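Geometric and topological summary
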2 protein chains.
Amino acid sequence: MEAGILRNEIKNRLPSSRYEHVLRVAETAKKLANQYGLSEDKAEQAALFHDIAKFMEPAQMREIIEHENDANDCSLFNFHHELWHAAAGKLIVRDEFGVGDADILNAIRYHTTGRIGMSPLEKLIYIADLIEPGREFPGIEELRDTQGKTVDDLMKDCVSHSILYLIRKQAAVHPDSINCYNEHIQLN
Amino acid sequence: MEAGILRNEIKNRLPSSRYEHVLRVAETAKKLANQYGLSEDKAEQAALFHDIAKFMEPAQMREIIEHENDANDCSLFNFHHELWHAAAGKLIVRDEFGVGDADILNAIRYHTTGRIGMSPLEKLIYIADLIEPGREFPGIEELRDTQGKTVDDLMKDCVSHSILYLIRKQAAVHPDSINCYNEHIQLN
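Residues numbered from 1 in each chain as written. Chains lettered and ligands numbered in written order. Predicted model: local features only at pLDDT ≥ 70, side-chain atom pairs only at ≥ 80, totals over all residues. Heavy atoms only, no water.

From N to C terminus, chain A includes eleven helices and zero strands. Counted from the first residue to the last, chain A has its helices and strands arranged as α-α-α-α-α-α-α-α-α-α-α. Taken over C-alpha atoms, the radius of gyration comes to 16 Å for chain A, in line with the 16 Å a tight globule of 188 residues would show. By residue count, 52% of the 188 residues in chain A fall in the buried class. (Helix = DSSP H or I, 4+ residues; strand = E, 2+ residues; numbered from the N terminus. Rg over C-alpha atoms; globule rule 2.2 N^0.38 Å. Buried < 20%, exposed > 50% of the residue type's maximum accessible area, 1.4 Å probe, protein only.)

Put into C-alpha cells, the structure is as follows:
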C-alpha cells in the first residue's frame, strides 16, 4: 500500500492525538532502524500499524481475537482490554491490509507486552513506542539515551521501566513481559 | 517433633544470624496467626522450617529437587539458586522430618516466590519472612502496619514490594511471583 494512503487509513481510525503519537513512533523507529542496521521501511510500516486497533470497541476486538482462537492471544482476556489492541491490530493488518511479513505482524502483536525471543524489529517498535519525543515521564531521558547501547540494552531498560510503572500503579503485568524481562537481564 | 528438639535441629543447619531470623519469623508468624485466626502451631512450625535448606550446597539442593522431578520445582533451575532452598526445604521437611501437612509443606515451598492460589498460611509465612523485626529497608514500616488490613492486603503489598526490589536490582522474577501479584491486585 502506498505510504500516503496507508497513513490516511490509519488517521481515519484514530483520534488526532493518537495519530500524532503514531507518526512520532514511526519517525523514532526509522531513526533507530538506521542506527542499528535494520530496514527503515519495515520499521516505519510496523510503527504506522502498531496502534491501528487502539480505539476499537473491546467487544469488537474480542470477536476478532476469538475468531482466530490463538491461545496466547486469548490469554489477553485475563488482562485489561487496554492490552487487546495489540493482538486485534495484528489480525487486522494481516487480514484487512494483506500484510504477510511475520516480523511486522509480530512487532504489532508484541508491542504492548514484549515476549521471550523477540526479533530486533519487535524490540525496536516496543522501544520506539516508549521513547518517542511526545512521551514525558521521570527517567525518560535515560531511556532515550542510546549512546553505546545495543538494542538489547535499550529493550532491557524499557521493559524494566514498563513493569515498574505497572506495579507502582498496581496494574496487572502479563507473564510475557516478565519472561521478556528475565531474558534480557540474562543477555547482558 | 518436640519444639526444643526441632529448634536444635534447625539451629545446627544454619549460621546463627540466619537462625535468629528464623526465630523472628516464627514469632511474627505466630502473632499474625493469632491476629487473623489461623493455627499458631502450624504457623510456628512452617516458620521454623522455612529456611532449613538455605545454606545447603546448590549441587545438593539440585539433587534433591531432581530426584523428586516436579515440573514447577525444576523450573527453579532457570533462576538463581537463591530460590532453590524453598523446594529443597519442602522435600527435606517432608522426608527427613516426616511432616505430612500439605499446608505447612506448601508454605515452605512458596515462601520465596509466592504463587497463585496460596492458602492463608502460605501467605502468612511469606509476609512474616518479609516483615520480621530484623528487616530494615525503605517502606518496611508501611508493610508492617497491619491495622485494618486483611491477609490479602498484606500479601499484595509484600509481593509488590518484592518484585519492585528484584527489578530495581535487575534480578530475575519467577512467573509464580507475577501470577501471585496479578491475582492479588484483582482480589481487592
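A word on the relation of the copies chain B and chain A. Rotating chain B by 180° and translating it 0.0 Å along the rotation axis places it on chain A, where the RMSD comes to 0.0 Å. Here the two chains are linked by the operation of a two-fold rotation axis. (Least-squares fit on C-alpha atoms with pLDDT ≥ 70 in both.)

A separate point is the packing of helix α4 (residues 58–68) of chain A against helix α6 (residues 84–95) of chain A. To describe two helices that pack against each other, one gives the angle between their axes and the distance between the axes. All names here are of chain A. At a closest axis distance of 9 Å, the pairing of α4 and α6 adopts a crossing angle of 65°. When you trace α4 past α6, the crossing you get is left-handed. Residues P58, M61, R62, I64, I65 and E68 of α4 pack against W84, H85, A87, A88, L91, I92 and R94 of α6. Residue composition of the contact of α4 with α6, grouped by class: nine nonpolar, one polar and three charged. (Axes fitted to C-alpha atoms, helices over the stretch in contact; angles between N-to-C directions. Left-handed = near helix turned anticlockwise from the far one by under 90°. Contact = heavy atoms within 4.5 Å. Nonpolar A, V, L, I, M, F, W, Y, C, P; charged D, E, K, R; others polar.)

Turning to the nonpolar core, a few remarks are in order. A:I10, A:F49, B:I10 and B:F49 are the most contacted members of the largest nonpolar core, which totals 123 residues. When residues no more than four places from it in sequence are discounted, the contact partners of B:I10 are B:Y19, B:V22, B:L48, B:F49 and B:I52. (Core = buried A, V, L, I, M, F, W, Y, C linked by side-chain atoms within 4.5 Å.)

Right, let's talk about the interface of chain B and chain A for a bit. A common way to report how large an interface is uses the accessible area buried once the components associate. Across the boundary between the two partners, chain B contributes 20 residues, which contact 20 residues of chain A. Here chain B meets chain A over a buried area of about 1500 Å², counting both sides, of which 59% is carbon and sulfur. Counting every contact that joins chain B to chain A gives zero salt bridges. Broken down by secondary-structure element, the contributors of at least two residues to the side of chain B that touches chain A are α10 (151–168) and α11 (175–187) of chain B. Its residues assigned to classes, the side of chain B that touches chain A comprises twelve nonpolar, six polar and two charged. (Buried area = accessible area lost by both parts, 1.4 Å probe. Salt bridge = Lys/Arg side-chain N within 4 Å of Asp/Glu carboxyl O.)

So, about the confidence of the model for chain A. Interpretation of this model should avoid reading the predicted coordinates in detail wherever pLDDT is low. In the predicted model, chain A carries a mean pLDDT of 96, and 99% of its residues have values of at least 70. This prediction of the complex comes with two scores: 0.94 for pTM and 0.91 for ipTM. (pLDDT = per-residue confidence, 0-100.)

A few words on unusual backbone geometry. Residues other than glycine seldom take positive phi values, yet A:N69 does so here, at roughly 60°. Accessibility expressed as a relative area gives 58% for A:N69, which makes it exposed.

Residues and elements named next belong to chain A. What the rule picks out here adds up to four aromatic pairs over all chains. Measuring from centroid to centroid gives 5.1 Å for F49 and F97, while their planes differ by 65°, and the two rings are edge-to-face. Of the two residues, F49 sits in helix α3 (residues 40–49) while F97 sits in the loop between α6 and α7 (102–109), which places them 48 residues apart along the sequence. Each of the two residues, F49 as well as F97, counts as buried. Ring plane angle 80° and centroid distance 5.0 Å describe the contact between F77 and W84, whose orientation is recorded as edge-to-face. This pair shows no difference in class: F77 is buried, exactly as W84 is. The ring of F77 carries R62 above its face, with NZ or CZ at 4.3 Å from the centroid. (Phe/Tyr/Trp six-rings, centres within 6.5 Å; stacked < 30°, edge-to-face > 60°. Lys NZ or Arg CZ within 6 Å of the ring centre and 35° of its normal.)

Okay, the packing of α3(A) against helix α8 (residues 120–131) of chain A next. Residues and elements named next belong to chain A. At a minimum axis distance of 10 Å, the contact between α3 and α8 shows a crossing angle of 50°. Taken as axis vectors, α3 and α8 run oblique relative to one another. In this structure, α3 crosses over α8, and the sense of that crossing is right-handed. Contact with α3, carried on its side by K42, A43, A46 and A47, involves L121, L124 and I125 of α8 and no other residues of that element. Here the contact of α3 with α8 is composed, by residue class, of six nonpolar, no polar and one charged. (Parallel < 35°, antiparallel > 145°, perpendicular 65-115°, else oblique.)

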